[in-house]
Amino acid sequence: NAEADLPLFVGQRFTLEGYGFIPPYSRDTPVMIEDIRTSAALSPRIKQRFEILKTRSLLIFPLIAGDEWYGALALHFQERHAVAVEDVRHLRGLVDQAAIAISTLRSLAAEAKARREAEEADALKLKFLAMISHELRTPLTSIKGFATTLLADDVQWPLESQRDFLQTI
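To keep things clear, this report deals only with the structure shown in the data block. (Residues numbered from 1 in each chain as written. Predicted model: local features only at pLDDT ≥ 70, side-chain atom pairs only at ≥ 80, totals over all residues. Heavy atoms only, no water.)

1. Considering helix α3 (residues 85-151)
Then step 1. Between the first and last C-alpha of α3 there are 94 Å, a value that for 67 residues agrees with the 99 Å anticipated at 1.5 Å per step.
Then step 2. Taken as a whole, α3 carries its principal kink of about 30° at R137; the proline P139 stands between one and four residues after it.
Then step 3. For α3, the set of buried residues is V88, R92, V95, A99 and S103.
Then step 4. Where the residues of α3 are buried, they touch β1 (31-33), β2 (57-65) and β3 (68-77). (Helix = DSSP H or I, 4+ residues; strand = E, 2+ residues; numbered from the N terminus. Expected span 1.5 Å × (residues − 1). Bend = angle between axes of the 7 residues up to and from the residue. Buried < 20%, exposed > 50% of the residue type's maximum accessible area, 1.4 Å probe, protein only. Contact = heavy atoms within 4.5 Å.)

This is how it looks when you write it as structure tokens:
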């Protein structure tokens, strides 16, 4: 709303029913209400809300991209306004671009989240491998030491010592 004395609905969410539409209506095609006061598609309570907002005509476009419905874009007019078919076609092109932008932003956000999760999983895997490597290094060092000792050509170990080394290994 451009006027400071009119209420703002920033950050609020409305269903089409909450916005005042009485079913049936189409979620796929624009809704044009040339005169709020005489429209049968709106409840009396919503007509009052639009009077407070100084809305006389209303045009609502669905935000659809890739068969995904993201919501609707509503254009409020303070005077009775009949929108030409060509104007609706041009506005529809802009609304479709907005819906594609929303779809792209959501896809990018999902991709970034998946990338973060993959990086976290990779870091966890590397941490696990480092821990396993460290845990295996100590016993392998002992095994290698005893085996090397047993295989030394310059020393003759008694059978009892050889058996102890083999049991330790």
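This is not the end of the story, as more comes after the structure.
2. Here's the deal with the pattern of salt bridges
Then step 1. Taken as a whole and judged by the stated rule, the model has 6 salt bridges.
Then step 2. For D96, the salt bridge is made with R92, and the minimal N-O distance between the two is 3.2 Å. With a gap of 4 residues between them, D96 and R92 both fall in helix α3, about one helical turn apart.
Then step 3. Overall, the relative accessible area of 27% leaves D96 in the partly exposed class.
Then step 4. A salt bridge links K125 to D122; its shortest N-O distance comes to 3.4 Å. Placement of both K125 and D122 in helix α3 is noted, with a separation of 3 residues, approximately one turn of the helix. (Salt bridge = Lys/Arg side-chain N within 4 Å of Asp/Glu carboxyl O.)

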